[in-house]
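Descriptive structure summary
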Amino acid sequence: MASQQSSVPEPQVLMSGIAFGESPRWHAGRLWFSDWGAQEVVAVDLDGNAETMARADFPSFPMCIEFLPDGSLLIVSGRQGRLLRRQHDGSLATYAELGSIAGHPWNDIVVDGRGNAYVNNIGFDFPGGEFAPGIIALVTPDGVTRQVAQGFAFPNGIAVTPDNKTLIVAESYASKLTALDIAADGSLSNQRVWANLDGGVPDGICLDADGAVWYADVPNKCCVRVREGGQVLDTIELDRGCFACMLGAAGGNSTLFMVAQQWGGAANMQRGARTGQVLTVQAPSPHAGWP
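Now for a look at the structure at hand. Model, not experiment: these values are computed from the prediction.

Quick word on the pairing of strand β11 (residues 117-121)
- The buried fraction of β11 amounts to five of the five residues, a majority that puts the element mostly inside the structure.
- The side-chain alternation of β11 yields two buried faces, one formed by Ala117, Val119 and Asn121 and the other by Tyr118 and Asn120.
- Relative to β11, strand β10 (residues 106-111) is paired through four bridges, and the arrangement is antiparallel. Each bridged residue has a counterpart across the sheet, and for Ile109 the counterpart in β11 is Val119.
- Here β10 folds back onto β11 in antiparallel fashion, the turn holding five residues, of which Gly115 has a positive phi close to 90 degrees.
- As paired elements, β11 and strand β12 (residues 134-139) share five bridges and run antiparallel to each other. Along β12, the bridge assignment pairs Asn121 with Ile135.

Rendered as structure tokens:
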């Protein structure tokens, strides 16, 4: 992976003691994320004040989150093959059934400006299963669910450009970001390489207003900003694996949030020290697109 250093300041710890943080989303002035180890959805403000927003009564790994245009929280019940919606009373109701499309774990999710939800499926049992390519499914606002793309080497972070025309997905096992065109009906086509990452292992991703992508990297312990084509703009080195990142804004500043922890394997997520942190730095460009 390219070794360009970052021009942004040193990251600061906003929150620590997280069992296994993932899937950060900036919403209503706070950073929301899912703690896969504690089976909770947490919101934290820029002063570090945290609040548990939802609890899952099911074991789920993964358990990614996203928001509908009306502000409703969606939770991917990765191993149950369900997409859940948080109700006004705090309970969780089924928003879409995904199990009939694929039986392997469902992973990350993005909801675009039309209210279409794209959810990717790893394609094999992780951890421990024999590798097979993953897919992307579409859930439309009227409840229609279908597969819209396939052939991804461990699909992970997923994002949509501000014009609703391009979806970008991280392929963790292929060291690349892949782009697809989005049609008016939500279908995906023209699958192509957006950026080869030269040994990078992309996990969670987000887009900025300069058209660049930030991607989190667990084994290389960093968060990297790249242009289309693969030019590295910034690299933030960390002391633990970076699993996901998200841009937010408060007080006129654009903030990059990074969720990081020591990685000892999925079997150890709820054991031993809680090494998860939310880290922040001032970003060179504000958030764009979805999530």
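Now that the structure is up, let's keep going.
Overview of the side chain of Glu66
- When you line up the elements, Glu66 lands in strand β6 (residues 65-67).
- For Glu66, a relative accessible area of 4% translates into the label buried.
- At 3.0 Å, the side chain of Glu66 forms a polar contact with the backbone nitrogen of Val111.
- The residues touching Glu66, leaving out its near neighbours within four places in the chain, are Arg25, Ser72, Leu73, Leu74, Ile109, Val110, Val111 and Pro291.

Quick word on the sheet that holds strand β13 (residues 145-152)
- Strands sit in the order β10-β11-β12-β13 across an open sheet of four strands; the sheet is antiparallel. If you trace the sheet from one side to the other, it starts and ends with β10 and β13, each paired once. Taking each pair of neighbouring strands and ignoring which way they run, the sheet shows an average axis angle of 20 degrees.

Quick notes on the environment of Tyr215
- If you trace the backbone, Tyr215 turns up in strand β19 (residues 213-217).
- With 29 residues separating them along the chain, Tyr215 and Ala244 place their C-alpha atoms 7.1 Å apart.

Let's talk about the sheet that holds strand β3 (residues 30-35)
- In spatial order, the strands read β2-β3-β4-β5; together these four strands make up an open sheet with antiparallel pairing. Looking along the sheet, the strands with just one partner apiece sit at the ends: β2 (21-27) and β5 (50-55). The average angle at which neighbouring strand axes cross in this sheet is 25 degrees, direction not considered.
- Pairing of β3 with strand β4 (residues 40-44) involves five bridges; the strand directions are antiparallel. Opposite Phe33, over in β4, you have Val42 as the bridge partner.

Cut-offs and rules
Residues numbered from 1 in each chain as written. Predicted model: local features only at pLDDT ≥ 70, side-chain atom pairs only at ≥ 80, totals over all residues. Heavy atoms only, no water. Buried < 20%, exposed > 50% of the residue type's maximum accessible area, 1.4 Å probe, protein only. Helix = DSSP H or I, 4+ residues; strand = E, 2+ residues; numbered from the N terminus. Pairing = 2+ DSSP bridges. Polar contact = N/O pair within 3.5 Å; in protein donor to acceptor, adjacent residues only side chain to side chain. Contact = heavy atoms within 4.5 Å. Axes fitted to C-alpha atoms, helices over the stretch in contact; angles between N-to-C directions.

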